[in-house]
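# Structural description and commentary
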Amino acid sequence: QVQLVESGGGLVQAGGSLSLSCAASTRARSRYAVGWFRQAPGKEREFVAAISWTGIITVYGDSVKGRFTISRNNAKDTVFLQMNSLKPEDTAVYYCAAGLVATMGPGDYNYWGQGTQVTVSS
């Protein structure tokens, strides 16, 4: 079982940057991929980025490619999402999730955090 806690959300102006963190705690020393998703009011949950356990494989959603970077520090059981050149349309609740492989499908992830709000003002 994996417990996830997101942090780092907040309010930022368009063009600014934020860095989100996803801290994981596991009962066993299990290996897991992590994905970031976001959901804005009235919209479907959207895939943002994912990273494999080794960090070798990273996947990005089309809307964030070139602006967001996902990384991880396994020694600290933490995954990061660096968000640059933020736009008002990036406003959403951001969730991290853990699963076996780094995929774009939310159904492939077994464990989810509570989410952190990111608001980008124009």
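Higher on the page you've got the structure.
Here goes a summary of the coordinates provided. (Residues numbered from 1 in each chain as written. Predicted model: local features only at pLDDT ≥ 70, side-chain atom pairs only at ≥ 80, totals over all residues. Heavy atoms only, no water.)

### Description of the overall build of the protein
Just so we agree on the cut-off: Secondary structure is summarised from DSSP: a helix means a run of H or I of at least four residues, a strand means a run of E of at least two, and numbering begins at the N terminus for each. The contact criterion used is simple: two residues touch if any of their non-hydrogen atoms lie within 4.5 Å. Note on areas: these come from Shrake-Rupley sampling with a 1.4 Å probe, and a residue is covered only by the protein chains present in the view. The charge count includes Lys and Arg as positive and Asp and Glu as negative, but it does not include His or the ends of the chains. Charge coordinates come from a single atom per side chain, which is NZ of Lys, CZ of Arg, CG of Asp or CD of Glu.
A count of helical and extended segments in the protein gives zero helices and 11 strands. Taken from N to C terminus, the helices and strands of the protein fall in the order β-β-β-β-β-β-β-β-β-β-β. Taking contacts inside the protein between residues at least 6 apart in sequence as the whole, the part at least 24 apart equals 55%. Looking at the protein as shown, the accessible area adds up to about 6,400 Å², and 50% of this sits on carbon and sulfur atoms. Both charge centroids of the protein, one from 11 positive and one from 8 negative side chains, sit 7 Å from each other.

### As for unusual backbone geometry
The condition that has to hold: For the exposure calls, accessible area comes from a 1.4 Å probe over protein chains only, and a residue counts as buried if that area is under 20% of its type's maximum, exposed if over 50%, partly exposed in between.
Positive phi, normally seen in glycine, also occurs at Asp 77, with a value near 50 degrees. Considering the arrangement of structural elements, one finds Asp 77 in the loop between strand S7 (68-73) and strand S8 (78-83). Despite not being glycine, Ser 85 has its phi angle at roughly 50 degrees, a positive value. With respect to the helices and strands, Ser 85 occurs in the loop between S8 and strand S9 (92-99). The exposure class assigned to Ser 85 is partly exposed, which follows from its relative accessible area of 43%.

### Structural notes on the pairing of strand S11 (residues 116-121)
Here is the rule we go by: If DSSP finds at least two bridges between two strands, the strands pair.
Every second residue of S11 is oriented toward a common face, the buried set being Thr 116, Val 118 and Val 120 and the non-buried set Gln 117, Thr 119 and Ser 121. Relative to S11, strand S2 (residues 10-13) runs parallel, the two being bridged by four bridges. Bridge assignment links Leu 11 to a residue of S11, and that residue is Thr 119.

### Describing the pairing of strand S1 (residues 2-7)
Judged by which residues are buried, S1 turns out to be one-sided: Val 2, Leu 4 and Glu 6 face inward and are buried, whereas Gln 3, Val 5 and Ser 7, on the alternate face, are not. The pairing of S1 with strand S3 (residues 18-26) spans six bridges and is classified as antiparallel. Within S3, the residue paired with Glu 6 across the bridge is Cys 22.

### Here's the deal with the sheet that holds S1
Put simply, the rule reads: Axes, fitted as lines to C-alpha atoms, cover a helix only where it is in contact. Angles between the N-to-C directions of the axes lie from 0 to 180 degrees.
Pairing is antiparallel across the open sheet formed by four strands, whose spatial order is S1-S3-S8-S7. Each edge of the open sheet carries a strand with a single partner, namely S1 and S7. Each adjacent strand pair in this sheet contributes to an overall mean axis angle of 15 degrees, direction not counted.

### Here we look at the side chain of Glu 6
Note the threshold: Here, a salt bridge means any Lys or Arg side-chain nitrogen found within 4 Å of an Asp or Glu carboxyl oxygen. Here a polar contact means two N or O atoms within 3.5 Å. Within protein one must be a hydrogen donor candidate and the other an acceptor candidate, and residues neighboring in sequence count only if both atoms are side-chain atoms.
The topology assignment puts Glu 6 in strand S1. Put simply, Glu 6 is tucked away with no salt bridge, and the nearest opposite charge, on Arg 45, sits 8.2 Å away. Among the polar contacts made by the side chain of Glu 6, one reaches the main-chain amide nitrogen of Cys 96 at a distance of 2.9 Å. A distance of 3.1 Å separates the side chain of Glu 6 from the backbone nitrogen of Gln 114, its partner in a polar contact. Apart from residues lying up to four places away in sequence, Glu 6 is in contact with Ser 21, Cys 22, Trp 36, Tyr 94, Tyr 95, Cys 96, Gly 113, Gln 114, Gly 115 and Thr 116.

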